[in-house]
Amino acid sequence: MRNEVGQEATEEMSAFKGRTIFDTAMKSIVCISSSVRAVCQHASACFLLHRSLNLCSSVGRCPHVASTSTAIVAQPPCVTGVRRFQTTRNTAVQMVTATSLPTPVPIPGRTEDEVTVHQSGRRATPKTAARAAPHLSPYTPYAKPRSSGAALVNIQSLFEEDVIRELCSRLADFPSNDRAEGLATLLGACVEFGLEAHSPPVLRLMNECLELLSNRDIGVPQLCHLGKVACALEGRQSPMVAAVLDSIGAAVEKDAVSPSEAATVYSLLTLFYEPASQQQALILSALHTHTQRLVHRLRASQVSDILQSLLKLQQRQAITLVLRLSHRASRVFKDFSDDEIIKVLSALMILGQHDEELLAAMEKHLPERLGKCDPEVISTVMEYCLQMGCRSETVFEAVAENFVCDAEKHTTPQIAKQIVAMGRLNYLPQCSSQMFKKLESILSTRFSQFQPRSLIDVLHACIHLERFPLNYMSKVFSPYFLQRLQAHGEPFNKNALGQLTQLHLSTVLECTRYWGPRLPFYLHVKKFSSADQAFETPMEYLLYKQVKGPLAQLLGGRFYSTRIFTQNGYTIDVEICLDENGFVLPLSQWDHTYKRIALCLDGQNRFCSNTKYLLGKEVTKRRHLDRMGYEVVQIPYFEFEKLRTQGEKIQYLHNKIFPTISKFSY
């Protein structure tokens with residue numbers, strides 16, 4: 001009887017020791033795999049990892065393998081991303097096998113609530129740790145040394161095949177999601193330790209995952225976790241990645257994806273997206289459709305994350321989804337952090353979509369926020385307004401006032417973006433006098449900090465607002481500055497030369513008292529027309545078709561010419577020539593021209609978005625044409641398109657043109 005009792009006690013003790021070693025192994029792996037642990041903490045009741053995850057802080061760093069053995073206090077964790085094993089193999093394997101492999105560590109006897117953590121790096125004696133225990137952070141696991149009992153644990157043994165087999169056997173009894181989370185955690189530990197994809201432990205774990213994935217009953221967060229680890233181990237072509245994508249595709253088709261899960265799936269796809277993959281294309285298409293139905297439930301951070309993912313995936317064709325996300329961004333704009341505002345606006349600029357309600361949201365929430373936000377937010381907002389052609393008086397006034405107060409805190413690129421946006425969108429703020437004084441002060445003290453192209457952008461934007469930076473003209477026209485502009489022996493940038501040419505024309509035509517250096521003639525551009533329309537916008541052909549008939553009837557024939565290049569490089573839409581008596585000359589007698597009329601057929605793309613304000617480049621062009629001796633007559637589209645009959649159109653042109661002609665009739 002006594003022998004039977006002793007045998008039972010021995011078996012129970014062996015079983016207890018087995019469970020203890022298993023628990024210790026799992027806890028060691030979770031602590032080692034700090035990058036995966038943060039994801040695991042969101043899983044529900046993650047089998048035997050749950051207790052150890054409660055002991056390991058999500059904001060701390062788990063200890064690495066040590067070459068000495070001592071009971072110590074765990075250090076705060078350092079969360080890192082999952083890395084490909086190829087990039088960490090040398091250092092990780094060296095740490096585990098090549099350098100002073102850890103000797104078996106005696107684990108003192110302990111109660112059920114105490115944990116022994118094996119770590120390297122900073123060491124503490126048991127006595128010191130015992131004294132510090134009452135003052136430890138609640139997030140720091142602490143092991144109190146005992147003099148009784150000992151067990152041997154070797155970190156290297158955690159990846160032996162029989163240990164992995166036992167872990168997988170234990171995991172088999174748990175629900176699918178918990179099992180998937182556990183397998184992903186173990187694979188993440190393999191990545192952290194640099195195990196290769198064909199090593200026996202990894203192969204065993206991968207097979208377990210593939211078997212589990214065939215059931216198609218795993219949650220989307222767990223699928224994404226498995227997908228990230230598989231991609232880190234085997235790359236994009238991993239069979240496990242394909243299985244994960246199949247399961248995600250099935251979940252999307254069943255509408256079983258929540259808003260947060262949709263953002264996670266988009267983030268996962270950025271890791272291994274291949275445009276040529278039909279499977280991924282189908283998943284993306286279904287995910288776009290599904291996300292459109294979820295847009296109204298997205299939080300601010302999720303809107304930002306999805307837009308960033310769409311940008312990385314180069315989904316310019318997903319116009320409907322991007323517009324809906326932009327619309328949702330207008331609803332949650334006040335909840336965006338500074339970094340999220342930058343990400344959202346940057347993504348929308350590249351994806352090329354704009355929502356009027358987003359501009360309204362910026363007008364409502366930005367002015368009160370500018371004083372305490374990151375200056376990069378201000379410059380990004382102005383860059384967005386410029387690219388989308390949004391001339392918002394509310395936003396621009398707030399930015400100008402902030403510039404007057406805090407311009408010293410901004411970097412030179414941030415300053416340039418603000419001034420350039422105002423100039424190119426033809427907005428002169430009410431505090432323009434103080435703003436330009438501040439700009440002049442900054443240019444004086446930080447001139448050398450501006451990159452040559454950035455400096456030219458700023459000075460060129462000033463002339464659009466009829467503010468002529470004469471104090472700096474001599475510097476930008478100097479041989480030294482032009483040499484800096486021509487970097488690395490490459491030819492001059494055409495846009496930079498165009499800007500310098502317009503600056504030169506401003507000094508010649510509008511600043512007659514300027515006697516400083518001029519731009520060398522050989523650097524002048526011959527024509528301002530260009531593919532990017534940086535200096536003038538081509539005539540809108542549809543508007544010309546509407547104007548040419550009534551104009552010919554008014555003049556008594558086709559006594560005009562189109563698309564005429566001036567000697568200074570500008571293009572005139574329609575030119576009419578008069579003799580000295582004010583009569584319209586036919587084309588054959590243009591040699592006797594006394595006065596020229598430049599008819600500007602201003603289509604919608606010459607104006608700021610949804611306004612009647614011309615772009616800065618068009619305003620500058622008209623001023624220069626006027627100084628060159630042309631009589632400039634504007635025919636804006638929003639006036640001409642209101643006219644219905646031919647008679648109304650002829651009368652409108654008569655009222656526009658003939659008052660100009662009458663000035664030369666007497």
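Thresholds applied
- Residues numbered from 1 in each chain as written.
- Predicted model: local features only at pLDDT ≥ 70, side-chain atom pairs only at ≥ 80, totals over all residues.
- Heavy atoms only, no water.
- UniProt positions renumbered as here; feature names shortened; annotations may be inferred.
- Helix = DSSP H or I, 4+ residues; strand = E, 2+ residues; numbered from the N terminus.
- Buried < 20%, exposed > 50% of the residue type's maximum accessible area, 1.4 Å probe, protein only.
- Contact = heavy atoms within 4.5 Å.
- Areas by Shrake-Rupley, 256 points an atom, 1.4 Å probe, with all protein chains shown as cover.
- Phe/Tyr/Trp six-rings, centres within 6.5 Å; stacked < 30°, edge-to-face > 60°.
- Axes fitted to C-alpha atoms, helices over the stretch in contact; angles between N-to-C directions.
- Parallel < 35°, antiparallel > 145°, perpendicular 65-115°, else oblique.
- Left-handed = near helix turned anticlockwise from the far one by under 90°.
- Nonpolar A, V, L, I, M, F, W, Y, C, P; charged D, E, K, R; others polar.
- Right-handed = clockwise from strand over helix to strand, strands pointing away.
- Pairing = 2+ DSSP bridges.
- Core = buried A, V, L, I, M, F, W, Y, C linked by side-chain atoms within 4.5 Å.
- Expected span 1.5 Å × (residues − 1).
- Bend = angle between axes of the 7 residues up to and from the residue.
- pLDDT = per-residue confidence, 0-100.
- Lys, Arg positive; Asp, Glu negative; His and termini not counted.
- Salt bridge = Lys/Arg side-chain N within 4 Å of Asp/Glu carboxyl O.

Under an unreviewed UniProt entry, the name given to the protein chain is RAP domain-containing protein, and the organism recorded is Amphiprion ocellaris. Looking at the Subcellular location (unreviewed entry) heading of the UniProt record, one finds this comment for the protein chain: "Mitochondrion".

## A few points about the overall build of the protein chain
Each helix and strand counted, the protein chain has 28 helices and six strands in total. With 666 residues in all, the protein chain has 52% of them scored as buried. Within the protein chain, residue pairs in contact and separated by at least 24 positions form 74% of the contacts whose partners lie at least 6 positions apart. Put simply, the protein chain shows about 31,700 Å² of open surface, and 51% of that area lies on carbon and sulfur atoms.

## Overview of the environment of Gly389
Position of Gly389 relative to the elements: it lies in the loop between helix 17 (375–388) and helix 18 (393–406). In this structure, the C-alpha to C-alpha distance between Gly389 and Ala421, residues 32 residues apart in sequence, is 9.2 Å.

## Overview of the packing of aromatic side chains
In this structure the tally under the stated criterion is 10 aromatic pairs. Pairing Phe447 with Tyr472 gives two aromatic rings, centres 6.0 Å apart and planes at 15 degrees, and the pair type is stacked. One end of the pair, Phe447, is in the loop between helix 20 (432–446) and helix 21 (452–464); the other, Tyr472, is in helix 22 (residues 470–476), with 25 residues separating them in the sequence. Pairing Phe607 with Tyr637 gives two aromatic rings, centres 5.7 Å apart and planes at 65 degrees, and the pair type is edge-to-face. Placement of Phe607 in the loop between strand 5 (595–602) and helix 26 (616–627) and of Tyr637 in helix 27 (residues 637–640) is noted, with a sequence separation of 30 residues between them.

## Regarding the packing of helix 6 (residues 161–171) against helix 7 (residues 176–192)
Their axes nearest at 10 Å, the elements helix 6 and helix 7 cross at an angle of 160 degrees. Between helix 6 and helix 7, the angle is such that the two are roughly antiparallel. The handedness of the crossing between helix 6 and helix 7 is right-handed. When helix 6 is examined against helix 7, the residues Leu167, Cys168 and Leu171 are found in contact with a partner set consisting of Arg179, Gly182, Leu183 and Leu186. In terms of residue class, the contact of helix 6 with helix 7 is built from five nonpolar, one polar and one charged.

## Details of the pairing of strand 6 (residues 630–636)
Counted residue by residue, strand 6 has five buried out of seven residues, so it is predominantly covered. In terms of handedness, the path from strand 5 via helix 26 over to strand 6 forms a crossover that is right-handed.

## Considerations on the pairing of strand 4 (residues 571–578)
If a strand is regular, its side chains alternate between the two faces of the sheet. Taking burial as the measure, the eight residues of strand 4 include eight buried ones, the bulk of the element. Summarising the sheet, strand 3 (residues 561–565) and strand 4 pair through four bridges and their orientation is antiparallel. Among the inter-strand pairings, Phe565 is bridged to a residue of strand 4, identified as Thr571. Count of turn residues in the strand 3/strand 4 antiparallel hairpin: five residues, of which Gly569 carries a positive phi of about 105 degrees. Sheet topology note: the strand 4/strand 5 ladder contains five bridges and is antiparallel. The partner of Leu578 across the bridge, within strand 5, is Lys595.

## Examining unusual backbone geometry
Despite not being glycine, Asn426 shows a phi value in the positive range, around 60 degrees. Position of Asn426 relative to the elements: it lies in the loop between helix 19 (412–424) and helix 20. Asn426 sits in the buried class, given a relative accessible area of 17%.

## Describing the nonpolar core
Counting residues in hydrophobic clusters, the biggest one holds 148 residues, and the most contacted among them are Leu187, Leu269, Leu307, Phe336, Ile419, Leu439 and Leu500. If you tally residues by element for this core, the top one is helix 9 (residues 220–234), at nine residues. Residues contacting Leu500, with those up to four places away along its chain left out, are Ile456, Val476, Phe477, Leu482, Leu485 and Leu519.

## Describing helix 9
For helix 9, with 15 residues, the first-to-last C-alpha span of 21 Å sits near the 21 Å given by 1.5 Å per residue. Where helix 9 is concerned, the buried positions are Val220, Gln222, Leu223, Cys224, His225, Leu226, Gly227, Val229, Ala230, Cys231, Ala232 and Leu233. Just downstream of helix 9 lies Gly235, where phi reads positive at about 85 degrees.

## With respect to helix 25 (residues 541–555)
Between its first and last C-alpha atoms helix 25 spans 20 Å; for 15 residues at 1.5 Å apiece the expected length is 21 Å, and the two agree. The sharpest bend along helix 25 comes to roughly 30 degrees, located at Val547, with the proline Pro550 sitting one to four residues further on. Along helix 25, the residues classified as buried are Leu543, Tyr544, Val547, Pro550, Leu551, Leu554 and Leu555. Of the residues trailing helix 25, Gly556 is marked for its positive phi of about 80 degrees.

## Considering the confidence of the model for the protein chain
When pLDDT is averaged along the protein chain, the result is 80, and 75% of the positions lie at 70 or above. At the level of individual helices and strands, the protein chain shows its lowest average pLDDT in helix 3 (residues 49–55), which scores 35, and its highest in helix 19, which scores 97. Contacts for the low-pLDDT stretch residues 28–155, under 50 throughout, to residues beyond four places or in other chains number 222 contacts.

## So, the sheet that holds strand 3
With respect to topology, four strands assemble into an open sheet ordered 3-4-5-6, the strand pairing being mixed. Two strands close off the open sheet at either side, each with one partner strand: strand 3 and strand 6. Between one strand axis and the next, the sheet turns through 40 degrees on average, direction left out of account. Across the sheet, helix 25 is in contact with strand 3, strand 4, strand 5 and strand 6; its angle to strand 5 comes to roughly 140 degrees.

## Describing the side chain of Asp355
Of note, Asp355 is situated in the loop between helix 15 (338–351) and helix 16 (356–365). Buried and unpaired, Asp355 has Arg331 as its nearest opposite-charge partner, separated by 6.6 Å. Discounting residues that sit within four places of it in the chain, Asp355 has contacts with Ser326, His327, Ser330 and Tyr384.

## Here we look at the pattern of salt bridges
Tallied over the full model, the rule gives 22 salt bridges. Members of the salt-bridge network, linked through shared partners, are Asp573, Asp602, Arg606, Glu618 and Arg622.

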